[in-house]
Amino acid sequence: MLWRPPRAAGRPDGTRIIRRSSRATATRPPFRSMQEKYNPAEVECAARAHWQASQSFRAVPRPGKPKYYCLSMFPYPSGKLHMGHVRNYTIGDVLTRWHMMRGFNVLQPMGWDAFGLPAENAAIQNSVPPAKWTDDNIAYMKQQLQSLGFAIDWTRELATCKPDYYKWNQWLFLRMLEMGIAYKKTQVVNWDPVDQTVLANEQVIDGRGWRTGALVEKREIPGYYLAITQYADELLADLDKLPGWPERVRTMQANWIGKSIGVRFAFPYELDGEPGKLWLFTTRADTIMGVTFCAVAAEHPLATRAARDNPALATFIDECRRGSVMEADMATMEKKGMPTGIFVSHPLTGEKVEVWVGNYVLMSYGEGAVMAVPAHDERDFGFAKKYGLTIKQVISVSGQAFSTDAWQEWYADKQSGVCVNSGKYDGLGYAAAVQAIAADLKARSLGDTQVQWRLRDWGVSRQRYWGCPIPIVHCEACGSVPVPDDQLPVVLPVECVPDGSGNPLARLEAFLACDCPKCGKPARRETDTMDTFVDSSWYYARFASKFAADAMVDEETNYWMPVDQYIGGIEHAILHLLYSRFWSKVMRDLKLVSYDEPFAHLLTQGMVLNHIFSRRGEKGGVSYFAPDEVDLAYDANGKVTGATARADGQPVNYGGIGTMSKSKRNGVDPQSLIEHYGADTARFFMMFASPPEQTLEWSDAGVDGAYRFLRRVWAFGHLFAGEIRTRIGARQLATAKLGATLAGLRREIHLLLKQANYDLAKQQFNTVASAAMKMLNALEKAPRDSALAAEVVEEGLSILLRTLSPITPHIAHALWCELGFGDDILAAPWPEPLGTALAQDEIELVLQVNGKLRGSLRVAANATTAQIEAAALASETAQKYMEGKPAKRWWWCRAGWSMSCCEP
RNA sequence: GCCGGGAUGGCGGAAUCGGUAGACGCAGCGGACUCAAAAUCCGCCGCCCGUGAGGGUGUGGGGGUUCGAGUCCCCCUCCCGGCACCA
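Residues numbered from 1 in each chain as written. Chains lettered and ligands numbered in written order. Predicted model: local features only at pLDDT ≥ 70, side-chain atom pairs only at ≥ 80, totals over all residues. Heavy atoms only, no water.

Each helix and strand in chain A was counted, giving 27 helices and 35 strands. A principal-axis box enclosing the C-alpha atoms of chain A has dimensions of 105 × 85 × 65 Å. Per-residue burial over chain A gives 51% buried out of 904 residues. Taking the contacts inside chain A whose residues are at least 6 apart along the sequence as the reference set, 72% of them involve residues at least 24 apart. Carbon together with sulfur atoms contributes 52% to the accessible area of chain A, which is approximately 40600 Å² in total. If you average the places of the 100 positive and of the 100 negative side-chain charges in chain A, the two averages end up 4 Å apart. (Helix = DSSP H or I, 4+ residues; strand = E, 2+ residues; numbered from the N terminus. Buried < 20%, exposed > 50% of the residue type's maximum accessible area, 1.4 Å probe, protein only. Contact = heavy atoms within 4.5 Å. Areas by Shrake-Rupley, 256 points an atom, 1.4 Å probe, with all protein chains shown as cover. Lys, Arg positive; Asp, Glu negative; His and termini not counted. Charge placed at Lys NZ, Arg CZ, Asp CG, Glu CD.)

This brings us to the packing of aromatic side chains. Here the structure, examined in full by the defined rule, presents 43 aromatic pairs. Where Trp-98 meets Trp-830, the ring centres are 6.5 Å apart and the plane angle is 80 degrees; that geometry is what we call edge-to-face. Here the residue Trp-98 occupies a position in helix α2 (residues 83–101), and Trp-830 occupies one in the loop between α24 (809–818) and α25 (835–838), the gap between them amounting to 732 residues. Neither residue differs from the other here; Trp-98 and Trp-830 are each classed as buried. Judged by centre distance (5.2 Å) and plane angle (50 degrees), the rings of Trp-356 and Tyr-387 are tilted. You can see Trp-356 sitting in strand β14 (residues 352–358) and its partner Tyr-387 sitting in helix α11 (residues 378–387), a full 31 residues away along the chain. For Tyr-387, a relative accessible area of 29% gives the class partly exposed. Site record: aromatic cluster; members linked through ring pairs are Phe-74, Tyr-539, Tyr-540, Phe-543, Tyr-566 and Phe-599. Geometry around Trp-256 places Arg-454 over its ring, the cationic atom sitting 4.5 Å from the centre. (Phe/Tyr/Trp six-rings, centres within 6.5 Å; stacked < 30°, edge-to-face > 60°. Lys NZ or Arg CZ within 6 Å of the ring centre and 35° of its normal.)

This next bit is on the pattern of salt bridges. In total, this model carries 42 salt bridges according to the counting rule given. Taking the shortest distance from any N to any O, the salt bridge between Glu-234 and Arg-588 comes out at 2.5 Å. Highlighted residues: Glu-234 in helix α6 (residues 232–237) and Arg-588 in helix α17 (residues 575–589), separated in sequence by 354 residues. Asp-596 is the partner of Lys-241 in a salt bridge, and the nearest nitrogen-oxygen pair spans 3.2 Å. Placement of Lys-241 in the loop between α6 and α7 (247–257) and of Asp-596 in the loop between α17 and β27 (602–605) is noted, with a sequence separation of 355 residues between them. Residue Asp-596 is classed as partly exposed on the basis of its relative accessible area, which comes to 28%. When salt bridges that share partners are traced, they join Glu-234, Asp-238, Lys-241, Arg-581, Lys-585, Arg-588, Asp-589, Asp-596 and Glu-597 into one network. (Salt bridge = Lys/Arg side-chain N within 4 Å of Asp/Glu carboxyl O.)

Another aspect to go through is the sheet that holds strand β6 (residues 197–199). Taken in spatial order, the four strands make up an open sheet running β6-β5-β9-β19, and their pairing is antiparallel. The strands lining the two open edges of the sheet, one partner per strand, are β6 and β19 (458–459). As defined by bridge partners, strand β5 (residues 182–192) adjoins β6 across three bridges and the pair is classed as antiparallel. Residue Asp-192 lies in a different strand from β6, and its bridge partner there is Thr-197. (Pairing = 2+ DSSP bridges.)

It is worth spelling out the sheet that holds β14 at this point. Strand order in the open sheet formed by four strands is β13-β14-β12-β15, with mixed pairing between adjacent strands. Among the strands making up the open sheet, the edge pair consists of β13 (337–345) and β15 (369–372). The average undirected angle you get between the axes of adjacent strands in this sheet is 30 degrees. Alignment of strand β12 (residues 293–296) against β14, held across four bridges, turns out to be parallel. Following the sheet pairing, Ala-295 is matched in β14 by Trp-356. (Axes fitted to C-alpha atoms, helices over the stretch in contact; angles between N-to-C directions.)

With 92% of its residues at a pLDDT of 70 or more, chain A shows a mean pLDDT of 87. Below a pLDDT of 50 lies the segment residues 1–32, which in the model reaches 48 contacts outside its immediate sequence neighbourhood of four places, other chains included. Across the assembled chains, the prediction reports ipTM 0.95 with pTM 0.90. (pLDDT = per-residue confidence, 0-100.)

Moving on, we come to unusual backbone geometry. Here Leu-488 and Pro-489 are connected by a cis peptide whose omega angle stands at -5 degrees. Along the polypeptide, Pro-489 turns up in the loop between β22 (479–482) and α13 (509–512). The backbone of Asp-272 shows a phi angle near 55 degrees, a positive value even though the residue is not glycine. Along the chain, Asp-272 turns up in the loop between β10 (259–271) and β11 (274–282). For Lys-591, which is not glycine, the phi torsion reads 65 degrees and is therefore positive. Positionally, Lys-591 belongs in the loop between α17 and β27. Judged by its relative accessible area of 73%, Lys-591 is exposed.

What follows is about the environment of Ser-614. Along the polypeptide, Ser-614 turns up in strand β28 (residues 608–616). For Ser-614, a relative accessible area of 13% translates into the label buried. Separated by eleven residues in the primary sequence, Ser-614 and Phe-625 place their C-alpha atoms 5.7 Å from one another.

So, about the packing of α7 against α17. Packing of α7 against α17 leaves a shortest axis separation of 11 Å and a crossing angle of 75 degrees. As judged from the angle between their axes, α7 and α17 are roughly perpendicular. Where α7 approaches α17, its residues Val-249, Gln-253, Trp-256 and Ile-257 are matched on the opposing element by Leu-575, Leu-577, Leu-578 and Arg-581. (Parallel < 35°, antiparallel > 145°, perpendicular 65-115°, else oblique.)

This brings us to the state of the cysteines. Per the counting criterion, the structure on display carries zero disulfides. Lacking any disulfide linkage, Cys-161 is separated from the closest cysteine sulfur, that of Cys-468, by 11 Å. Accessibility expressed as a relative area gives 9% for Cys-161, which makes it buried. (Disulfide = S-S within 2.5 Å.)

Here the focus is helix α21 (residues 740–762). Side chains that are three or four residues apart share a direction in an α-helix, a result of its 3.6 residues per turn. The end-to-end C-alpha separation of α21 is 32 Å, in line with the 33 Å expected for 23 residues at 1.5 Å each. For α21, the full list of buried residues reads Leu-742, Leu-745, Arg-746, Ile-749, His-750, Leu-752, Leu-753, Ala-756, Asn-757, Asp-759 and Leu-760. Close packing links the buried residues of α21 with α2, α22 (765–781), α23 (787–804) and α25. A positive backbone phi angle near 60 degrees is found at Gln-763, which sits one or two residues after α21. (Expected span 1.5 Å × (residues − 1).)

So, in structure tokens, the structure goes:
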């Protein structure tokens, strides 16, 4: 869809900015024709028309210019833009435009993460096909994005729900099957027994299905996995290749991958006359002599066997099946267990150890069994206390007394403990004990050291309709057969309307029926679709490519990739970013791309919050009030003392601050903001209110302040055009000697510019906005009575407009043209502070005595240390606070100012 | 529960390498302009004591290092993100 101005104002050719007054002033220079009042709608319309006409954001490879690929996480088309999007994309746009002005060849694309659950929920609610709902949302949100003036190359737009995109999900999945990376095994899912359907974790509320209220069960079904663990070593090691990522994200990923070296070993047993081995893994082999029981998962073969002739245990195992599969729930739920009556032998002592079934042991993790050392593991300790099991101390820390009464932190200490009650291992520390015990287990062929990863393989099968079909055909004779490349894509039918009771694909004969690619006989298609994280694992590479019909990516990808700056929410710190890194490495191993890591620099932006107001209803329910439906009362200090609903004047409760959400009614619609104030105000407030990585609190008053500032910028431009600019004669600023006032003003502007440039490099945009405000404050107070003064102001204004332009591009563009600085501010060079402007004759020093601030001192900028010390000692401050004693020590701090100190 | 992060006036936040805490903005208070209002402009604004000059105190709480700590170290509290099927 082509860009269309939302209103009729302005001309699409973009050659002139303001039309209304142009007839009366047609013969004057353009800067004299500008309107006195800031009219954001006109200004923004015209600026966008200019960018559209000159194809300003079309990105093509240009050898010889440094490239900059700036990518914001693409949105899920949920209906309309929310403030989080506005914030995310404004950050990206500021970086994009800043780099454009600094001579980079910039690519900033945009697209749609278009498969996912909300489309199915909307279908259930409104009986709209997910495809239609999604397409409508994309059209609306695209128009919203365009009205915000982002410097996006829309020729590269893509949506992951379109066959020309997801074909390549399927194609790469088939390559992964060939490589042995994709494979099939059972997975545990949430099962709603009433709707007979698999539920997502978010559809399980307090252990019940969201629609039916039925108790959710765990169910094992087959599914496809991607062996991300084959890349675990590289994913961990390559974190060191990402210095442009926040330290905390790298730490989170490293912990998630979770490399640990431990011991995998077995407890031998004999059951039903057959010998067997209970395998398990531990990182605390040094405590092996303290094992008093073992625990297995409810689905473990030993548990199943024991339940055969133990109805109580069978009931307990059944109970374990109910409940959520989420790790957070598993970790916080009450630990329960039951003995199986089966005993295994301790691999080193031969002692009999009983096997229990524990609801906290996961079959899908490790071997589905754990050794229990109640004395040195907090969870085992609680479990043993609850069921009266033996607690045997085998680690001691000198000076600490062990007691089974209560758990103490040091019981689990690896650093300072040594083995006790452990026979030949007594006295050994952690590392030595693990080594000795592993060697002994190996000698008995009952175990060995093993590297263990916390990271699990990525289950990609989803029993849902609105996703990318998994390209597999099920044939009675041939089994699961991959769809041949020349039959791709397997197209998802777009007319289905899910109703919440299972996947509609499973009932759609037109989709299901097919011929087996191998034997040609009638067969059935796989109805599972792929996790939507697959879609978002490689979209950045497609953006950088020419969208070829016959290739996943082409050569151009290697020009733009890796992404120089990736921007998105901190909530994606682990899964999306890890999956993308993994997918990139697979593509690299297939020689599709030439990079190891997809994202060179990462900026994780904080969430957008707003105030929450509520009132408890007569029946006990809580109703929420939107912030604009509430009046606040203040005390004399400006502190909020209460709130009342505008509708009825009755008090409402202030519920603090929280993420914007529909249910709390505290969301702010970007659309109304844009219509009311314009995109520049929205963008400026977003950048000014807090630094990108922190949460941002919404404030209507703050938005007003941003709007007020932009009006002042406009008014100053008008003043400059009418009064100041006419004073400028022969250009003399480069050579003239400025008086103290003008030199001070010029120095202030250049100092602010220096700070703004520093902060841009740090990606701290709130202080860039604040520097622009300070520049305007200085310019408004500036003398303007001479040609030289006018020239200083002109220079300052040109710096201000350029500093502002990445944040508020429309108004900066309009004023730049109107005031005669040039045709296109995007083509103007980014300003740099001048040494001559920053120089000063005198500097102010601060005096501290014993670390306390006591006074200040002005000295010549070129004064020597000795001169400054002499002046400091002679100062009133020294007389008063040093009581005539000589300074014992001096400290000199940062350049530009310093301080001194004496000790008593 | 585990992993990661955060806490500075009435509010959002600033303080670049351990060196003037509170820049900039919002809210509030006082004033100018106006018939009036809006808009705009000027001034004040951490807390306590003091008429004032000035003094003390202060960056979630407790301890420590240092001439000097919002910043570094240890302990604690509260809040937020993630926990593998929300995206």
